[in-house]
Amino acid sequence: MKIAFITSEAYPFAKTGGLADVSNALPAALARRGHDVRIFMPRYYVVDRERFGLSIVGGPLGVPLGDGEKWAAILESRHIPGITAYFIEHDFYFGRDGLYDDGHAAYTDNAERFIFFCHGAMRALRDLGFAPDILHCNDWQTGLLPVYLKTLYGEDPFFKKSAAVMTVHNAGYQGVFPTELYHLTRLDWRHYNDGGLEFFNQMNFLKGGLLFADAVTTVSRKYAEELQTPEFGYDLADTFGRISGRLYGITNGVDYAKWNPETDTFLPARYSPDMMDGKRVCREELQRRMGLKIDPAAPLTGSISRVTHQKGMDVLADSLGALLADVNLQFVLLGQGEDWIFHKFEELRRLFPGRVGIFRGYDEPLSHLVEAGLDIYLMPSRYEPCGLNQMYSMKYGAIPVVRATGGLDDTVSEWDERSLSGNGFKFGDLTQKALYEKIRYVIRHFDNRRAWDSLRKNAMEFSRSWADAALEYERLYESLRTPVRHPVDTIYGFENL
Ligand code: ADP
């Protein structure tokens, strides 16, 4: 199949978060299954011409914007094996240091930038003669593409075989902008209503993508359900409910070439389920690096995380105070994020010397050592579309203790000592008390070495590869092969949804 994978970031070209990893790993896994996959993304300043071997392959490309037209170039890179990545270049819009913000605040012209990108991607596909079977869009930045495909380009013979898939990686970000900017899209005002892009008197790019795509996916089954509730879907819960018949959850994969304790070159020693000695070496090294007492008996717990409200790190810090006082455990944190939460952890480090280690910053090699050194990985997220660290942790024999939400609920199963089944621990309410009790419960299991060894083996055997995920996407794509073309007038207006 011909698949155009449209994204606002992809590793290693430009990355701010998990979307960049997916935008590399999923296209690569699909290409390995024999599909012709092309990535389309903006050419930011950080996408280095030399490093990625960029060359101009198309354009000047006229991109309609409002009443006028802007000109773009199309660049190409073959840096990712098996995949051609195309970049829409426009210096004014994308030749900036940041992707979406200047480090402090979102760029004020983000609506214009991503309208230009979406419309530019449609034009680039035509210019390059790449008529996709699947137009795979990701998050709000690409939300207008399914809308264009079904409206302005609905009659275009070039796109007659194309179906649109919209993937939601995090519904906390929707691309909401003032109505005054709608004219830039060139879309008809007929689409600006509650069954279209309009959203509480503003325009919402993600909503457009959800309503006009042939299928919508999100990155776990549980999150697909949660999105239909006000707590997780925010004000789009109704919209997610309306499209529930074509909403699918497909869990992300892990890149086991990078995340495997048997081969991980970031570690001082390697290990496998049958040869666990190396984990002890990693554990000691982690205690040393983090300034902790070298204590083989103390359960070593920790997190690698954005230190934000979403990740529940505030509640974790609050319950750790009582835990450190009552139980001989240690805790390490590797993360970046909000000061007010860091202050809580720093206070704990002061109160419990040699038992709390904090590294504030982003450090990929250290993140591997943390996974390898920990006994217990804590992930108390308020919401978690998929989550990766609980899956990395399992592979490294660090038992995940997670809130039962989104991808955490789908991938972690509760340990049962009688049947020796399960690969971790889950709790429901995110309160200081619930977390305190769950962690105490987990530590009682930790002290039962034989049972813990079985649990750790189960966890290390858990596998969710990108090959598995790619197969599920492929099945979905196949089911959309001959998209039903509705006349434009029947695809909006929610009585028809
Ligand atoms: P999210 O994308 O919501 O931040 P995920 O668990 O899906 O959460 O992915 C986070 C990714 O970023 C993981 O690969 C994790 O190891 C990595 N990560 C997060 N913070 C750091 C950090 N401070 N240093 C190194 N890696 C980090």
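Going by the structure above, here's the rest.
Below is a short write-up of the structure. Quantities reported herein were computed from a predicted structural model and do not represent experimental measurements. What you see as residue numbers is a count from 1 along each chain, following the sequence as written. In view of the model being predicted, local features appear only for residues whose pLDDT reaches at least 70, and side-chain atom pairs are presented and counted only at 80 or more, with totals across whole chains, interfaces and linings using the full set of residues. Based on all heavy atoms of the structure, the side-chain values leave hydrogens and waters out of the count.

Observations regarding the nonpolar core
Counted only if it meets this: Residues belong to one nonpolar core when they are buried, are Ala, Val, Leu, Ile, Met, Phe, Trp, Tyr or Cys, and are joined through side-chain atoms within 4.5 Å. Partly exposed residues are those whose accessible area sits between 20% and 50% of the maximum for their type, while under 20% is buried and over 50% is exposed, using a 1.4 Å probe and protein chains only. The helix count covers DSSP runs of H or I at least four residues long, the strand count covers runs of E at least two residues long, and both are numbered beginning at the N terminus. Residues count as neighbours in contact if any of their non-hydrogen atoms are within 4.5 Å of one another.
Counting residues in each nonpolar core, the largest one holds 101 residues, and the members touching the most others are F13, Y44, V47, L135, F205, L210 and F240. Take this core: its biggest share by element is ten residues, from helix α3 (residues 110-128). Filtering out sequence-adjacent residues up to four positions away, F240 remains in contact with V168, A171, L210, L227, Q228 and L247.

Focus on the side chain of S77
This is how it is decided: The definition of a polar contact used here is a pair of N or O atoms within 3.5 Å, where within protein one atom must be able to donate a hydrogen and the other to accept one, and adjacent residues in sequence count solely through side-chain atom pairs.
Looking at the element boundaries, S77 is found in strand β4 (residues 68-77). From its side chain, S77 meets the backbone oxygen of F52 in a polar contact 2.8 Å long. If we skip the residues at most four places from it in the chain, S77 touches F13, F52, G53, L54, I83, T84, A85 and F87.

A few points about the packing of aromatic side chains
Stated precisely, the cut-off is as follows: Aromatic rings from Phe, Tyr and Trp, with only the six-membered ring used for Trp, were paired whenever their centres fell within 6.5 Å, and each pair was classed as stacked if the ring planes differed by under 30 degrees, edge-to-face if by over 60, and tilted otherwise. Only when the NZ atom of a Lys or the CZ atom of an Arg is both within 6 Å of the ring centre and within 35 degrees of the ring normal do we say a charge sits over the ring.
Taken as a whole, this structure holds 32 aromatic pairs when the rule is applied. Centre to centre, the rings of W140 and F205 are 6.0 Å apart; their planes meet at 55°, and the pair counts as tilted. Taken together, the residues span a long stretch of sequence, with W140 in the loop between β6 (134-138) and α4 (144-150) and F205 in helix α5 (residues 205-212) at a distance of 65 residues. Here the aromatic rings of W189 and Y192 are separated by 5.3 Å at their centres, their planes lie at 75°, and the arrangement is edge-to-face. On the basis of relative accessibility, which here comes to 48%, the residue W189 falls in the partly exposed class. In this arrangement the basic side chain of R96 is found over the ring face of Y107, its NZ or CZ atom lying 4.8 Å from the centre.

A closer look at the sheet that holds strand β11 (residues 215-218)
Inclusion rule: For two strands to count as paired, DSSP must find a minimum of two bridges between them. Lines fitted to C-alpha atoms define the axes here, with helix axes fitted over just the stretch in contact, and angles between the N-to-C directions of these axes take values from 0 to 180 degrees.
Ordered in space as β3-β4-β5-β2-β1-β6-β7-β11-β12, the nine strands form an open sheet in which the pairing is mixed. The open sheet has two edge strands, β3 (55-65) and β12 (247-249), and neither has a second partner. With direction set aside, neighbouring strand axes in the sheet form an average angle of 25°. Bridge count for β11 against β12 is three bridges, and the pairing is parallel. Opposite T218, over in β12, you have G249 as the bridge partner. This element, α3, spans β1 (2-6), β2 (36-42), β3, β4, β5 (84-89) and β6 of the sheet and lies at about 125° to β3. The strands that α5 touches are β7 (163-168) and β11; relative to β7, the one it contacts most, it runs at about 135°.

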